[in-house]
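Chain residues, written in single-letter form:
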Amino acid sequence: MTLRELRHRARKVLGPIPYDYVAGGAGEERVLADNEKAFDRYALLPRVLSGSETRDTAVDLPGARQAAPVLVAPTAFHRLVHRDGERATARAAAAEGAVLVTGTAATTAVLDVVAAAREAAPRPPVWFQLYLHPRGEVTRALVWRAEDAGCTALVVTVDSPVFGRHTRDLRNGFTDLPPGFAAENMRGLPGAGPDALTPIPMSPAVRWPDLAEAVRGTSLPVLVKGVLHPDDAKLAVEHGAAGVIVSNHGGRQCDAVPAAVDCLPAVTEAVAGRVPVLLDGGVRRGSDVAVALALGASAVGVGRPVVWGLAAEGETGVRRVLATLRDEYDHTLALCGGRRNADLTADMVVRNGGAGAR
Ligand SMILES: Cc1cc2nc3c(=O)[nH]c(=O)nc-3n(C[C@H](O)[C@H](O)[C@H](O)COP(=O)(O)O)c2cc1C
Ligand SMILES: CC(C)CC(=O)C(=O)O
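Predicted model, so just to flag it, every value in this text is computed and none were measured. (Residues numbered from 1 in each chain as written. Chains lettered and ligands numbered in written order. Predicted model: local features only at pLDDT ≥ 70, side-chain atom pairs only at ≥ 80, totals over all residues.)

Colleague: Can you help me understand the site of ligand 1 in this one?
Modeller: Contacts to ligand 1 come from 24 residues, most closely from Ala73, Thr157, Gly250, Gly303 and Arg304. When contributions to the shell around ligand 1 are tallied by element, the ones reaching two or more residues are helix 2 (16-23) and helix 12 (304-335). (Near = placed C-beta within 6 Å. Helix = DSSP H or I, 4+ residues; strand = E, 2+ residues; numbered from the N terminus.)

Shown next, in the form of structure tokens:
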């Protein structure tokens, strides 16, 4: 079953409002569509007679060693799509040896998410995603909850000075979570209330010194998510980021930005190997993973496919998504004459339509 088929199955089991919440993007959904289409604009140029019967797809990331270069990007409100919610996602990611990025907008408290992951693996890598708050004590409270739970890294999302205008949610009048659901990590903290669709106080007043303060205030590595401009990637490193995640939030913030993968080469060049560069947005096949790695990513995140897997089949569905991507990626690596991730290099990616068009 391909990840696209899993989406169709999810659509059958979900009501139209939660389906639209997950599937949708901002504005006219141009960026949402382009994230996937962009991968069709790249082709792989394999090397031959250089492979191996055994391949090593493992990757070392801040606070995590993963079996494959694919991690679970933070997506909000898993209990909206499956009764087991984030607990199921956590068990699945841990069982597959993948980082789970849980987040402030989870419908399960981070302590319970990490506990569920530990049911499947002794030391599962769980990262915690948060937005910086202009009031430092709110940020510190969230960081403390993540540290206390046993998360091994933090992910600070910086592409949301204001919340994106999600066309489908606006049309559906979807502004609050249904009764019985809440952003559990926001309990007791200032915001719109944990049951609001945007329970997180986003602020355009947040600036680089706030990031530096957050980095200083934790012993955990801090990755910065939502970087597209190469100069911002440099600033992130200068302000202490342990990793940079190239992302346009799955097309849910500004609907006029480039596809995530199109921003990757310039960011990779700007970071110049000082910290790992990751990418999310539009990754749907093992060959997409290979293209991203060849263009400089250490690993990729997947958002919607994981939610479709969870909606369609719970823990089993999430495992299926991660296992499928790992298997397809390993197969692509073999077809490209590679033994390990680092064997995929920028000269092996061409613009689709001809090797001469690079
Ligand atoms: C339903 C949904 C909820 C999301 N919630 C968050 C969030 O709470 N925090 C965050 O940083 N990114 C969030 N994202 C963005 C994802 O982390 C990621 O950037 C994006 O989904 C990647 O694109 P993909 O869905 O094409 O894989 C969300 C995305 C979706 C689809
Ligand atoms: C609660 C929101 C902040 C989740 C989000 O980032 C999104 O829906 O794209």
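Colleague: In this structure, what is going on with the site of ligand 2? I would like to understand it.
Modeller: For ligand 2, the full set of nearby residues is Ala76, Ala105, Thr198, Ile200, His249 and Arg252. Among the residues forming the shell around ligand 2, the class breakdown is 3 nonpolar, 2 polar and 1 charged. (Nonpolar A, V, L, I, M, F, W, Y, C, P; charged D, E, K, R; others polar.)

Colleague: Looking at this structure, I do not really get the environment of arginine 304. What am I missing?
Modeller: Positionally, arginine 304 belongs in helix 12. Along the primary structure arginine 304 and threonine 75 are separated by 229 residues, whereas in three dimensions their C-alpha atoms are 7.8 Å apart. Not counting residues within four places of it along the chain, the set of residues in contact with arginine 304 comprises Val22, Ala23 and Gly250. (Contact = placed C-beta atoms within 7 Å.)

Colleague: Help me understand the environment of alanine 192 in this model?
Modeller: Relative to the helices and strands, alanine 192 is located in the loop between helix 7 (167-172) and helix 8 (208-216). Residue classification places alanine 192 among the partly exposed positions, given that 15 C-beta atoms sit within 10 Å. Residues alanine 192 and aspartate 176, 16 residues apart in the sequence, show an inter-C-alpha distance of 10.0 Å. Not counting the four nearest positions on each side in its chain, alanine 192 is found in contact with Thr198 and Pro199. (Buried ≥ 20, exposed ≤ 12 C-beta atoms within 10 Å, placed from the backbone.)

Colleague: Is there a simple way to think about the nonpolar core in this case?
Modeller: Side chains of nonpolar character tend, in soluble globular proteins, to be buried together. Counting residues in each nonpolar core, the largest one holds 115 residues, and the members touching the most others are Val70, Ala93, Val244, Val246 and Ala292. Among the elements that line this core, the one with the most residues is helix 12, at 12 residues. (Core = buried A, V, L, I, M, F, W, Y, C linked by C-beta atoms within 7 Å.)

Colleague: Just to check I follow, could you spell out the packing of helix 4 (residues 85-95) against helix 12 for this structure?
Modeller: A pair of packed helices can be characterised by two numbers: the angle between their axes and the separation between those axes. In the contact formed by helix 4 and helix 12, the axes pass within 7 Å of each other and the chain directions differ by 15°. Considering their axes alone, helix 4 and helix 12 lie roughly parallel with respect to each other. Here helix 4 and helix 12 pass one another in a crossing that is left-handed. Listed contacts from helix 12 to Ala88, Thr89, Arg91, Ala92, Ala93 and Ala95 of helix 4 are Val306, Leu310, Gly314, Glu315, Val318, Arg319 and Leu322. In terms of residue class, the contact of helix 4 with helix 12 is made up of 8 nonpolar, 2 polar and 3 charged. (Axes fitted to C-alpha atoms, helices over the stretch in contact; angles between N-to-C directions. Parallel < 35°, antiparallel > 145°, perpendicular 65-115°, else oblique. Left-handed = near helix turned anticlockwise from the far one by under 90°.)

Interpretation note: all reported values are geometric properties and have no functional meaning in isolation.
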